[in-house]
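Chain and residue survey
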Amino acid sequence: MLDESLLDAPEALARADRRGLLRGAAEAGARVRTAARHATEAGISELNPEGRPRAVLVAGSGTAASGVADLIGALAGASAPVTRVHPTGVAPAAGAMRWTLPGWAGSLDLLLIVTADGSEPGLALVAEQAYRRGCTVVAVAPRQSPLNEAVDGAHGLVVPMASAPHGEYDAETSAAGPGTLWALFTPLLALLDRVGLVTAPPETLQSVADRLDRTAERCGPAIATYSNPAKTLAAELADTLPLIWTEGEAAAPVGRRFAAVLAELSGRPALAAELPEALPAHGGLLAGAFAAGADPDEFFRDRVDEPETLHARVVLLRDRPTGGLSAAPAARELALGHETAISELEPEEGNRLEALAELLAVTDFAAVYLALASETRT
């Protein structure tokens, strides 16, 4: 159950936000500026690469690392294949996880290590493995962390992770927190700009920070639900199974991150898929047990002691107004034909990174509001 009254009570939201999630979302723009400065201080802007890497590998753990790998893959496109090196181990603990490079990785490839922790011995080992094979290694990790000390210098380049402007929030959720993603992602954007895989010069990173700031102003706790896109989305998704359908290269990784953050921060299931394949993939959910009219006896049933039934709701994310062919009309027709409500998000005009930043910011704020308003009911 969602306590919708909490959404329009800023002081109550602040009391409920014991993990500092709203602050992390609001500080995303500041984290981009600090991270860009750290990248410059680390020497990324002075690099003169001899050419593009053959492939990019991304190693790390948790929601932030998977999100960074997914975003880089979407932005790099056909410039170079992007592979996430998934951890193995008996538990999701820093000391238990290990990473192994694929057999083909070598001197033509680039290994990116991203971590909000920095104490994982397995990441230091994979950096050593990459060094022996001749891979270029670049890591973003907290300053003074064991990984920083293990990689910096002979084994590769380390960029200190940008810390929160007003102190770190709960380490337990920082890996899924909105600010953490940008603290890890921004230095890598600067690096990939230098090697020619992504267009992200300093002025573009500044425009991304500005877009994040403007979106935070629209989505902040002081803005009423009726004019706040993140609060509106949170209220619409209460007691639903979100089916997140995306259109456009930038929207796809945002949709997958939104589903992951909903699960991690608020304990809510969600499914993400790209249009047009989302229509056959999720069409059965609109006509099955999660359909809006799935229970014809619902009106007459005494549900005092029964949990609320989840009904599907479509969330349509588009990274920009698309000209020409679009599956959005077919998506609306399928959903409305099954009496399924739709929430739509489309960013304002701007470059691809600005569009991505706005979609990330709105969905991150929405996930945080869902988490906070749900916790007060438990």
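Note that this is a predicted model, so its numbers are computed, not measured.

**Quick notes on the layout of surface pockets**
In this structure, the second largest pocket occupies an estimated 380 Å³ of space. For the second largest pocket, the lining is made up of 17 residues, of which P49, E50, G51, T136 and V195 are closest to its centre. Element by element, the count of residues in the lining of the second largest pocket is highest for strand β4 (residues 136-141), at 3 residues. Taken together, the residues that form the lining of the second largest pocket break down as 10 nonpolar, 4 polar and 3 charged.

**As for the environment of A36**
Its location among the elements puts A36 in helix α4 (residues 28-41). Residue classification places A36 among the partly exposed positions, given a relative accessible area of 22%. In this structure the C-alpha to C-alpha distance between A36 and T186, which are 150 residues apart in sequence, comes to 6.2 Å.

**Observations concerning the side chain of T246**
Secondary-structure assignment places T246 in strand β6 (residues 240-247). Look at T246 and you get buried, because its relative accessible area is 3%. In contact with T246, not counting residues within four places along its chain, are A251, A252, G255, A273, E274, L275 and L317.

**Some thoughts on empty space enclosed by the protein**
A probe as big as a water molecule, rolled over the atoms, marks out the empty space that is left. Taken as a whole and assessed by the stated rule, the structure comprises 1 cavity of 30 Å³ or more. Its boundaries defined by the atoms lining it, the largest cavity holds a volume of some 40 Å³. What lines the largest cavity is A25, A28, P178, W182, L212, A361 and D364. Taken together, the elements giving at least two residues each to the lining of the largest cavity come down to α8 (178-194) and α14 (352-375). Partitioned by chemical class, the residues of the lining of the largest cavity number 6 nonpolar, no polar and 1 charged.

**A closer look at α4**
Across its 14 residues, α4 extends 20 Å between first and last C-alpha, which sits within 8% of the 20 Å expected from 1.5 Å per residue. The inward-facing, buried residues of α4 contact α3 (21-26), β5 (157-160), α8 and α9 (202-219). A positive phi of about 100 degrees marks G43, the residue just after α4.

The rules behind each value
Residues numbered from 1 in each chain as written. Predicted model: local features only at pLDDT ≥ 70, side-chain atom pairs only at ≥ 80, totals over all residues. Heavy atoms only, no water. 1 Å grid on protein atoms, 1.4 Å probe; cavity = no way out; pocket = protein on both sides within 12 Å on 5 of 7 lines; lining within 4 Å. Points joined across faces, edges and corners; volume = space filled by probe spheres on them. Helix = DSSP H or I, 4+ residues; strand = E, 2+ residues; numbered from the N terminus. Nonpolar A, V, L, I, M, F, W, Y, C, P; charged D, E, K, R; others polar. Buried < 20%, exposed > 50% of the residue type's maximum accessible area, 1.4 Å probe, protein only. Contact = heavy atoms within 4.5 Å. Expected span 1.5 Å × (residues − 1).

That's the geometry; what it means functionally is another story.
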